Amino acid sequence: MSVDFTLDLRGESCPYPVIYTLETLRDMKKGQTLQVISDCPSAFRNVPEEVVKHGYSMAQEPVKNGQEFSLFIQA
């Protein structure tokens with residue numbers, strides 16, 4: 001998968017991963033892919049829920065690596 005932007009939010013607690021993700025997606029072109037890296041446990045559920053509510057889609061299932069995970073979102 002081709003990633004157009006990566007947002008590294010390790011160390012950011014909720015609600016910041018959701019806020020920063022939505023702000024970044026607003027500035028992206030339709031069809032581009034955003035990778036969000038986070039270690040906030042509630043962001044694993046909250047970010048996908050919020051991006052779908054705002055009309056974006058998940059490009060693939062989240063990838064978990066220990067305490068960190070990556071989300072791939074289609075603008």
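Everything below is about the structure shown above.
Residues numbered from 1 in each chain as written. Predicted model: local features only at pLDDT ≥ 70, side-chain atom pairs only at ≥ 80, totals over all residues. Heavy atoms only, no water.

### Brief notes about the overall build of the protein
Argument step 1. Check the secondary structure of the protein and you find 2 helices and 4 strands.
Argument step 2. Here the protein has a C-alpha radius of gyration of 11 Å; the compact-globule value for 75 residues is 11 Å, and the two agree.
Argument step 3. Across its three principal axes, the protein shows a C-alpha extent of roughly 30 × 25 × 15 Å.
Argument step 4. Counting over 75 residues, the protein shows a buried share of 37%.
Argument step 5. For the protein, the exposed area adds up to about 4500 Å²; of that, 48% sits on carbon and sulfur atoms. (Helix = DSSP H or I, 4+ residues; strand = E, 2+ residues; numbered from the N terminus. Rg over C-alpha atoms; globule rule 2.2 N^0.38 Å. Buried < 20%, exposed > 50% of the residue type's maximum accessible area, 1.4 Å probe, protein only. Areas by Shrake-Rupley, 256 points an atom, 1.4 Å probe, with all protein chains shown as cover.)

### Digging into the nonpolar core
One recurring pattern in soluble globular proteins: nonpolar side chains tend to sit buried together.
Argument step 1. With 17 residues, the main nonpolar core has Leu-25, Leu-34, Val-36, Val-47, Val-51, Tyr-56 and Ile-73 as its most contacted residues.
Argument step 2. Among all residues touching Leu-25, those that are not within four sequence positions of it are Leu-34, Val-51, Tyr-56, Ile-73 and Ala-75. (Core = buried A, V, L, I, M, F, W, Y, C linked by side-chain atoms within 4.5 Å. Contact = heavy atoms within 4.5 Å.)

### A closer look at the pairing of strand E4 (residues 68–74)
Argument step 1. Within E4, 5 of the 7 residues are buried, which leaves it mostly tucked inside the rest of the structure.
Argument step 2. In this structure, strand E2 (residues 33–38) lies alongside E4, joined through 6 bridges in antiparallel fashion. The partner of Gln-35 across the bridge, within E4, is Phe-72.
Argument step 3. Where strand E3 (residues 57–65) and E4 come together, 6 bridges link them in antiparallel fashion. Counterpart to Asn-65 in the pairing with E4 is Glu-68.
Argument step 4. Between E3 and E4, which pair antiparallel one after the other, the connecting turn spans 2 residues, and Gly-66 there sits at a positive phi close to 65°. (Pairing = 2+ DSSP bridges.)

### Focus on the pattern of salt bridges
Argument step 1. Scanning the entire structure with this criterion turns up 4 salt bridges.
Argument step 2. In this structure, the salt-bridge partner of Glu-68 is Arg-10, at a minimum N-O distance of 3.2 Å. Here Glu-68, found in strand E4, pairs with Arg-10, found in the loop between strand E1 (5–8) and helix H1 (16–26); they are 58 residues apart in sequence, far enough to count as distant.
Argument step 3. The closest approach of N and O atoms between Glu-50 and Lys-53, which form a salt bridge, is 3.2 Å. Of this pair, Glu-50 and Lys-53 both sit in helix H2 (residues 43–53), 3 residues apart, which is roughly one turn of the helix.
Argument step 4. Among the charged side chains, a network of salt bridges with common partners joins Asp-8, Arg-10 and Glu-68. (Salt bridge = Lys/Arg side-chain N within 4 Å of Asp/Glu carboxyl O.)

These values are about where atoms sit, not about what they do.
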